[in-house]
Amino acid sequence: MPAKPNLELKSDALTKSIFRWEDMNVRLLHSISQEPSTISMNASKHLSLLVGINRSYSHIYLAKAYNLSGCIIACGSSTPPG
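Computed from a predicted structure; not experimentally measured.

With 31 residues, helix α1 (residues 3-33) should cover 45 Å at 1.5 Å per step; its first-to-last C-alpha distance of 45 Å lies within 8% of that length. The inward-facing, buried residues of α1 abut α2 (36-39) and α3 (43-56).

Written as structure tokens, this is what we have:
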């Protein structure tokens, strides 16, 4: 197979993969933005949601929740915020 068509096929596959990844992340963010746990500023409610995200989505290795001051209030990696 000539190099140019092979590169084009790989480029198309990569582009489709990026669009799927982006779509999945946008859907996830939209979904969690509607959760009452997300709306509250209660760190314990955020923690269970963030840990669930880390377990459910293999491409997300770290999920954090920030308060309005920009401080981390919960971290889904099971490590303390900091």
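Time to look at the state of the cysteines. Counting across every chain of the model gives 0 disulfides. Counting only cysteine sulfurs, C75 is the nearest neighbor of C71, a cysteine outside any disulfide, at a range of 14 Å. Of the residues examined, C71 reaches a relative accessible area of 43% and is grouped as partly exposed. A relative accessible area of 5% means that C75 is categorised as buried.

An α-helical turn contains 3.6 residues, so any two residues separated by three or four positions project in the same direction. Between its first and last C-alpha atoms α3 spans 20 Å; for 14 residues at 1.5 Å apiece the expected length is 20 Å, and the two agree. If you follow the buried residues of α3, they end up packed against α1, α2, β1 (64-66) and β2 (72-75).

On to the nonpolar core, then. In globular proteins that are soluble, nonpolar side chains generally tend to be buried together. Of all hydrophobic cores here, the largest spans 10 residues; its members are L28, I32, L49, L50, I53, I60, A63, A65, I73 and A74. Of all the secondary-structure elements, those providing two or more residues to this core are α1, α3 and β2. Top contributing element to this core by residue count: α3, with 3 residues. Dropping the residues within four chain positions of it, A65 is found in contact with H46, L50, C71, I72, I73 and A74.

Definitions and limits used
- Residues numbered from 1 in each chain as written.
- Predicted model: local features only at pLDDT ≥ 70, side-chain atom pairs only at ≥ 80, totals over all residues.
- Heavy atoms only, no water.
- Helix = DSSP H or I, 4+ residues; strand = E, 2+ residues; numbered from the N terminus.
- Expected span 1.5 Å × (residues − 1).
- Contact = heavy atoms within 4.5 Å.
- Disulfide = S-S within 2.5 Å.
- Buried < 20%, exposed > 50% of the residue type's maximum accessible area, 1.4 Å probe, protein only.
- Core = buried A, V, L, I, M, F, W, Y, C linked by side-chain atoms within 4.5 Å.

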